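Single-letter residue listing:
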Amino acid sequence: MKRFKYLLPILFVFAFIFTGFLTPAHAADVDYEIATDETFAPFEFQNKKGELIGIDMDILKAIAKDQALPIRLNRWALMQRFKRLKGTKLMV
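Computed from a predicted model, the values in this text were never measured in an experiment.

## Overview of helix α2 (residues 55-67)
Inference 1: Between its first and last C-alpha, α2 extends 18 Å over 13 residues, near the 18 Å set by a 1.5 Å rise per residue.
Inference 2: Directly beyond the C-terminal end of α2, a positive phi value near 55° is found at Ala68.

Set out below in structure tokens:
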């Protein structure tokens, strides 16, 4: 029983040390481009100042803030988005 008494804390120390060396991929290394269109009110539309607002924009900004993701909003028409997807300039 004494052996287990010392074995468990040693295992926890090793687990703590080795998990410190495993670094996760940093999402901040990449700018995420969000392709959107302002014609789908109330989800996304343009206000008088020219800013994109709406439910989708609020959700995107909240996720980006929470996860510390740098995002860039691009206003592209639907067909333009399809062309960029085919040209592998965008990822889904």
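## Structural notes on the side chain of Asn74
Inference 1: On the secondary structure map, Asn74 appears in strand β5 (residues 71-75).
Inference 2: Side-chain polar atoms of Asn74 contact the side chain of Glu33, separated by 2.7 Å.
Inference 3: Setting aside residues up to four positions removed in sequence, Asn74 forms contacts with Glu33, Ile34, Ala35 and Thr36.

## Thoughts on unusual backbone geometry
Inference 1: Of note, the amide linkage connecting Ala41 to Pro42 takes the cis form, showing an omega dihedral of 5°.
Inference 2: As for its placement among the helices and strands, Pro42 is situated in the loop between β2 (39-40) and β3 (44-46).
Inference 3: Even without glycine at this site, Ala68 takes up a positive phi of about 55°.
Inference 4: With respect to the secondary-structure elements, Ala68 resides in the loop between α2 and β5.

## A few points about a nonpolar patch on the surface
Inference 1: Together, Phe40, Phe43, Ile55, Ile59 and Ile63 give the surface a local cluster of nonpolar side chains, amounting to about 470 Å² of exposed area.
Inference 2: Within the secondary structure, Phe43 is located in the loop between β2 and β3.

## Things to note about the pattern of salt bridges
Inference 1: For the structure on display, the rule yields two salt bridges.
Inference 2: Here Asp31 ties to Arg72 by a salt bridge, and the two come within 3.9 Å at their closest N and O atoms. Taken as a pair, Asp31 in the loop between α1 (2-20) and β1 (32-36) and Arg72 in strand β5 lie far apart in primary sequence, 41 residues in all.
Inference 3: What makes Asp31 partly exposed here is its relative accessible area of 45%.
Inference 4: Using a relative accessible area of 41% as the deciding quantity, one classes Arg72 as partly exposed.
Inference 5: In this structure, Arg72 engages Glu33 in a salt bridge whose closest nitrogen and oxygen atoms are separated by 3.8 Å. One end of the pair, Arg72, is in strand β5; the other, Glu33, is in strand β1, and 39 residues separate them in sequence.

## Digging into the side chain of Glu44
Inference 1: Relative to the helices and strands, Glu44 resides in strand β3.
Inference 2: A distance of 2.9 Å separates a polar atom in the side chain of Glu44 from a polar atom in the side chain of Thr36.

## Focus: the environment of Asp31
Inference 1: Note: C-alpha distance between Asp31 and Leu69 (38 residues apart in sequence) is 7.5 Å.
Inference 2: Once residues lying within four places of it in the same chain are set aside, the contact partners of Asp31 are Pro70 and Arg72.

Quick notes on the rules
- Residue positions are given per chain, counting from 1 as you read along its sequence in written order.
- Local features in a predicted model are, by the rule used here, given only for residues with pLDDT of at least 70; side-chain atom pairs are given and counted only at 80 or more, and totals for whole chains, interfaces and linings are based on all residues.
- Excluded from the side-chain calculations are hydrogens and water; all other atoms, namely the structure's heavy atoms, are used.
- By definition, any uninterrupted DSSP run of H or I lasting at least four residues is a helix, any uninterrupted run of E lasting at least two residues is a strand, and each is numbered from the N terminus.
- Working rule for helices: expected span equals 1.5 Å times residues minus one.
- The definition of a polar contact used here is a pair of N or O atoms within 3.5 Å, where within protein one atom must be able to donate a hydrogen and the other to accept one, and adjacent residues in sequence count solely through side-chain atom pairs.
- Contacts: residue pairs with any heavy atoms within 4.5 Å of one another.
- Patches in this entry comprise residues that are over 30% relatively accessible and not in a salt bridge; like charges within 9 Å are linked, as are nonpolar side chains (Val, Leu, Ile, Met, Phe, Trp, Tyr) within 5 Å.
- With residues, only the protein chains shown are counted as cover, and all accessible areas are computed by Shrake-Rupley using a 1.4 Å probe.
- Criterion for a salt bridge: a side-chain nitrogen of Lys or Arg within 4 Å of a carboxyl oxygen of Asp or Glu.
- Only protein chains enter the accessibility calculation, which uses a 1.4 Å probe; a residue is then buried when its area is under 20% of its type maximum, exposed when over 50%, and partly exposed in between.

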